[in-house]
Amino acid sequence: MNDARRIAAAALLLRLALGTMFVAHALLKYFVFTLPGTAQFFESLGLPGVLGYATFAAELVGGMLLILGVKTRVVALALLPVLLGATWAHAGNGWLFSAPKGGWEYPAFWTITLIVQALLGDGAYALRPAEPSPALRRA
């Protein structure tokens, strides 16, 4: 397997994992915490409750777009504020996400994976693949 194919496979795996995680988190907000409960949590942080609904929508739609491979770089960058906000929301809870109310390392790591996805691009089997980067065309 050449470098370009290996990078495309890696980007695909990362894209599918990120997309699945975003959809799962959106469904958690919907089915477990409920959207009004999510809005209330955002308000408890001093944020507008409507931001909870917007976060749910961003996670669900963004996750599906990542899974499908539509505008992967744009979607990954657009989802960064969601993860930066989650990192901020959990910053006071300590390092480990198993801490009460969750720690900050998990959303911080997830933030880095979004940046990596934006740098890698669509990967293999994207529904609407972007033009490959010049570096990949040379590979």
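See the structure printed just above.
Below, the structure is looked at part by part. Just so you know, these numbers come straight off a predicted model, no measurement behind them.

The subject of this paragraph is the side chain of Thr-38. Along the polypeptide, Thr-38 turns up in helix α2 (residues 35-44). On the accessibility criterion, Thr-38 (5% relative accessible area) is buried. Those residues in contact with Thr-38, other than ones at most four positions away along the chain, are Lys-29, Phe-33 and Gly-52.

This part covers the packing of aromatic side chains. According to the stated counting rule, one finds six aromatic pairs in the structure shown. Arranged with centres 4.9 Å apart and planes meeting at 85 degrees, the rings of Tyr-30 and Phe-31 form a pair that is edge-to-face. Judged by relative accessible area, which is 43%, Tyr-30 ranks as partly exposed. Classification of Phe-31 by relative accessible area gives exposed; the value is 60%.

Inspection of the entire model under this criterion finds two salt bridges. Note that Asp-3 and Arg-6 form a salt bridge whose closest N and O atoms lie 2.3 Å from each other. With Asp-3 and Arg-6 both in helix α1 (residues 3-33) and three residues apart, this pair spans about one turn of that helix. Close ionic contact of Lys-29 with Glu-59 constitutes a salt bridge, the shortest N to O distance being 3.0 Å. Here Glu-59 lies in helix α3 (residues 50-68) and Lys-29 lies in helix α1, a separation of 30 residues in the sequence. Here Glu-59 falls in the buried class, since its relative accessible area comes to 4%.

Residues Leu-27, Leu-28, Tyr-30, Phe-31, Val-32 and Phe-33 make up a contiguous nonpolar surface patch of about 600 Å² in total accessible area. Take Phe-33: it is sitting in helix α1. Residue Phe-33 is classed as partly exposed on the basis of its relative accessible area, which comes to 47%.

Taking 1.5 Å as the rise per residue, helix α4 (residues 72-90) with 19 residues should run 27 Å; its terminal C-alpha atoms sit 26 Å apart, in good agreement. The largest bend along α4 reaches roughly 30 degrees and is located at Leu-80, with the proline Pro-81 sitting one to four residues downstream. Among the residues of α4, those classed as buried are Thr-72, Val-75, Ala-76, Leu-79, Leu-80, Val-82, Leu-83, Thr-87, Ala-89 and His-90. Where α4 is buried, its residues contact α1, α3 and α5 (105-120).

With phi around 50 degrees, Lys-71 is a residue other than glycine that occupies positive phi space. Along the chain, Lys-71 falls in the loop between α3 and α4. Judged by relative accessible area, Lys-71 falls into the partly exposed class, the value being 48%. Residue Tyr-125 is not a glycine yet carries a positive backbone phi of 60 degrees. Mapped onto the fold, Tyr-125 is located in the loop between α5 and α6 (134-138).

The next subject is the nonpolar core. Judged by nonpolar contacts, the single largest core of 13 residues is most densely connected at Leu-18, Phe-22, Leu-66, Leu-79, Leu-83 and Leu-114. Sorting the residues of this core by element identifies α1, α4 and α5 as the ones contributing at least two each. Broken down by element, the residue count for this core peaks at six residues, all from α4. Residues within four places of Leu-18 in sequence aside, it is in contact with Leu-66, Trp-110, Thr-113, Leu-114 and Gln-117.

Rules used in this analysis
- Residues numbered from 1 in each chain as written.
- Predicted model: local features only at pLDDT ≥ 70, side-chain atom pairs only at ≥ 80, totals over all residues.
- Heavy atoms only, no water.
- Helix = DSSP H or I, 4+ residues; strand = E, 2+ residues; numbered from the N terminus.
- Buried < 20%, exposed > 50% of the residue type's maximum accessible area, 1.4 Å probe, protein only.
- Contact = heavy atoms within 4.5 Å.
- Phe/Tyr/Trp six-rings, centres within 6.5 Å; stacked < 30°, edge-to-face > 60°.
- Salt bridge = Lys/Arg side-chain N within 4 Å of Asp/Glu carboxyl O.
- Patch = residues over 30% accessible without salt bridge, like charges linked within 9 Å, V, L, I, M, F, W, Y side chains within 5 Å.
- Areas by Shrake-Rupley, 256 points an atom, 1.4 Å probe, with all protein chains shown as cover.
- Expected span 1.5 Å × (residues − 1).
- Bend = angle between axes of the 7 residues up to and from the residue.
- Core = buried A, V, L, I, M, F, W, Y, C linked by side-chain atoms within 4.5 Å.

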